[in-house]
Structures are given as structure tokens and as C-alpha cells.
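Letter by letter, the chains look like this.
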Amino acid sequence: MSAINDHWSKTSFELFSKCPRAWAIAYGRRNSSPKLLPTKGSTSHLRSNLMVRAGRRTFIEELGDLFNNKKWSLNYLKRRVKAHIDDQVWTHRLRTDSIVIEGLCTQISHRLMRLRQTDLLKPIWTRQPRRWAYFERFTSIQIGNLALFATPDIVVHHQHKWTLIRLRFQSGPSLPSRELEDMLMVHWAMHKSGLPDRYEDYRIRTLTWRGGQWVQENVEVDAQRVRLAWMMLQHDVQEMTWMKRCISADPTLESLPLARTENDCRGCNYKPTCPASNGLEQAKYGQRIKQGFHQS
Ligand code: SF4
């Protein structure tokens, strides 16, 4: 592994699998660091991203206050949701109107209120005796040369075990990267100071907003799955390291592999400067000719 900027996160891995060129621009250069998700795309895609970001930020802020024994009222929750939406709209220069923002505010507040009532999190809000901590997603942990971004949202100690809890504000397809990320949370925890270093001390629970409710899933933790997740991560990092070498050899990025399908290019922030801006197949054809693989 290279000592420079090696990191693993689900976002980075998914982008790498989707399009090495897009990954190279976002993460693969020498001084690049993990970035926010692209903010272009369809209106529903933008709204969905906005909802996830504003919802997550409000939730983390609320947890911070709860940790300090300050409970939020519903009115205050709504005000903070609105503030986070406005902040996201401004930061990402999104065009949206007040009716849309009001609708989003209602939806996010509803999800957050329902979250307090889940079996998993209710004990925290009702102050039942639990040791717990919360974390921001962007806090990585260093394992050797690698920065691992697989942070649980909340960690709760109960009945002699630590529960690593991950929230998903929108369901989305059940991709292998999700399972991998869940299992890598155990590695994250085993390297986090103050937490035990044995996988047997952990259980994993996920809460996903699906079909108008929070759905809890229990993810089994065993030695083989934990070990396999680490091996898969190492494989991903090796592939990314190889891609970094390709970037060094061709800083124009012209020879890098493009997206798999036209669908992968939808919503891509880097399209205006990409050879695929006029069509992916045409761009791939152009690459084949340049590389001398075209057979006439
Ligand atoms: S437009 Fe398509 S091929 Fe080009 S960087 Fe984006 S995802 Fe990759």
C-alpha cells in the first residue's frame, strides 16, 4: 500500500466501482481528499441528497445536546432542520423554492421524531441506563497507512456488549458495499481507543428508513465475516493504489477507464470536462482508437 492518502470509505469505493475516471478526479490525485457527493443530477436526486444531509446533521446536533442532557422540543427540532436545509441549499447553490423546503422540513422532522421511538434508540431518549457515544461520519480511524471511514453513528453498551448502530436515512439498493461497510465498523471499533479490541464484544444494528418507517436489521458478527471484510478492503485499496499509479503516468486522465454504463454518468459533476460528455460509447470508442486496440 502507498503511504499517501490511502483511505477507504463506502462513497469512495462506490464511485471507484462506478467510474475510475470520476474517482480519480475526486480522490485519486496526490493532494485530493474525500469530498462531498456530487451535487448535480435530477431534481429528485438533489432533494434526496439534501434530505439525507440535513437530516443527518440535525440528528448529530440533537444527539450532542442529548448527550449533555438537553432534550429538544418538536418546535426546536423543526427550527434546526430548517436551518440545516437552508445551510445545504446555500453551500451547494441549489435552486429550490420555499414550498419544497417546507415539505422537506416536514419530512425530515417526521423521520427524526420517529427515530426517537424506535426500540433501538428509545432507551437513549428516555434516559435508561446506557453507556453510549455518537460519532460524525467524517471521522476516520487510522489503521497502519490507511484511514478507514466506516464510523458507526452511535455506539451503545448494553448487556455486556457494544452495539454499533448505523442509520440510513433512505433505503436504496442493498449493495455489497453496504454489507462491507457494516462489517468494517467492527474494525473501526476494534481500533478506537476506549472500545474493546475483540470482535466478540460487538453486535451490529442498522436502522433504515423504508416504506415510511424505520426498519431495524441485525447484522451477524463472526470471525469469518470480519476477516473477509478486511481482505476485501485490502483488495479495494490495492486496486485504488494501482489506479493512482495510472494517474501519475497519465495526469490528463485520458486513458483511464470510464463509467460502465451511460446510466452511471447521470448526475456526474465531472461530465462537462469528460470525453463522455457527448456520449459514453463514443468516448470509449475514441479511447480504443488512441490506445491502438481498434480493429478495423
Ligand atoms: S461523465 Fe461518466 S465517464 Fe465521465 S467522469 Fe462522469 S461518470 Fe465517468
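Peer 1: Explain the domain arrangement of the protein chain to me, please; I cannot follow it from the model alone.
Peer 2: As a measure of interface size, the accessible area lost when the parts come together is often cited. Once the domains are mapped, the protein chain shows domain 1 (43-116) and domain 2 (130-241). Between domain 1 and domain 2, the C-alpha centre-to-centre distance is 24 Å. Across the boundary between the two partners, domain 1 contributes 11 residues, which contact 7 residues of domain 2. Taken together, the elements giving at least two residues each to the side of domain 1 that touches domain 2 come down to α3 (43-67) and α5 (98-116). For the side of domain 1 that touches domain 2, the element with the highest residue contribution is α3, accounting for 8 residues.

Peer 1: Can you help me understand the site of the ligand in this one?
Peer 2: In the vicinity of the ligand lie 13 residues, with Cys19, Leu258, Cys265, Cys268 and Cys274 positioned nearest. Secondary-structure elements contributing two or more residues to the shell around the ligand are α2 (20-28) and α9 (262-265). Classifying every residue of the shell around the ligand gives 10 nonpolar, no polar and 3 charged.

Peer 1: Sorry if this is basic, but what is going on with the pairing of strand β6 (residues 161-168) here?
Peer 2: Here 5 bridges tie strand β5 (residues 154-158) to β6, and the two strands are oriented antiparallel to one another. Residue Val155 lies in a different strand from β6, and its bridge partner there is Leu164. The sheet contact formed by β6 and strand β7 (residues 202-210) spans 7 bridges and is parallel. Each residue of the ladder has a partner; that of Trp162, found in β7, is Tyr202. Handedness of the β6-helix α7 (residues 176-190)-β7 crossover: right-handed.

Peer 1: Hey, could you run me through the nonpolar core in this one?
Peer 2: If you look at soluble globular proteins, the nonpolar side chains tend to sit buried side by side. Ala22, Trp23, Ile108, Leu164, Leu184, Met185 and Ala189 are the most contacted members of the largest nonpolar core, which totals 58 residues. Here this core gets 7 residues from one element, more than from any other, and that element is α7. When residues of this core are assigned to domains, at least three map to each of domain 1 (43-116) and domain 2 (130-241). With near-sequence residues (within four places) excluded, Ala22 lies in contact with Leu15, Cys268 and Tyr270.

Peer 1: Looking at this model, I keep getting lost on the packing of α7 against helix α8 (residues 223-249). Mind explaining?
Peer 2: Geometrically, a packed helix pair is captured by the angle between its two axes and the distance between the axes. At their nearest, the axes of α7 and α8 sit 9 Å apart, and the two run at 105° to each other. As the angle between them shows, α7 and α8 are arranged roughly perpendicular. Contact with α7, carried on its side by Leu180, Met183, Leu184, Val186 and His187, involves Arg225, Val226, Ala229, Trp230, Met232 and Leu233 of α8 and no other residues of that element. In terms of residue class, the contact of α7 with α8 is made up of 9 nonpolar, 1 polar and 1 charged.

Peer 1: Sorry if this is basic, but what is going on with the environment of Val219 here?
Peer 2: If you trace the backbone, Val219 turns up in strand β8 (residues 213-219). As a C-alpha pair, Val219 and Asn68 span 151 residues in sequence and 30 Å in three-dimensional space.

Peer 1: Sorry if this is basic, but what is going on with the packing of helix α4 (residues 74-91) against α5 here?
Peer 2: Between α4 and α5, the least distance of the axes is 9 Å, while the angle of their chain directions is 130°. It follows that α4 is oblique to α5 by the angle criterion. Between α4 and α5 lies a crossing of right-handed hand. For the pair α4 and α5, contact is made by Leu74, Leu77, Lys78, Val81, Lys82 and Ile85 and by Ile101, Leu104, Cys105, Ile108, Ser109, Leu112 and Met113, respectively. Residue classes in the contact of α4 with α5 are distributed as 10 nonpolar, 1 polar and 2 charged.

Peer 1: What is the right way to read the environment of Lys122 from this model?
Peer 2: Within the secondary structure, Lys122 is located in helix α6 (residues 122-125). For Lys122, a count of 12 C-beta atoms within 10 Å puts it in the exposed group. As a C-alpha pair, Lys122 and Ile143 span 21 residues in sequence and 33 Å in three-dimensional space. In this structure Lys122 touches Arg116 and Gln117, once residues within four positions along its chain are discounted.

Calculation criteria
- Residues numbered from 1 in each chain as written.
- Predicted model: local features only at pLDDT ≥ 70, side-chain atom pairs only at ≥ 80, totals over all residues.
- Domains from an automatic or database assignment.
- Contact = placed C-beta atoms within 7 Å.
- Helix = DSSP H or I, 4+ residues; strand = E, 2+ residues; numbered from the N terminus.
- Near = placed C-beta within 6 Å.
- Nonpolar A, V, L, I, M, F, W, Y, C, P; charged D, E, K, R; others polar.
- Pairing = 2+ DSSP bridges.
- Right-handed = clockwise from strand over helix to strand, strands pointing away.
- Core = buried A, V, L, I, M, F, W, Y, C linked by C-beta atoms within 7 Å.
- Buried ≥ 20, exposed ≤ 12 C-beta atoms within 10 Å, placed from the backbone.
- Axes fitted to C-alpha atoms, helices over the stretch in contact; angles between N-to-C directions.
- Parallel < 35°, antiparallel > 145°, perpendicular 65-115°, else oblique.
- Left-handed = near helix turned anticlockwise from the far one by under 90°.

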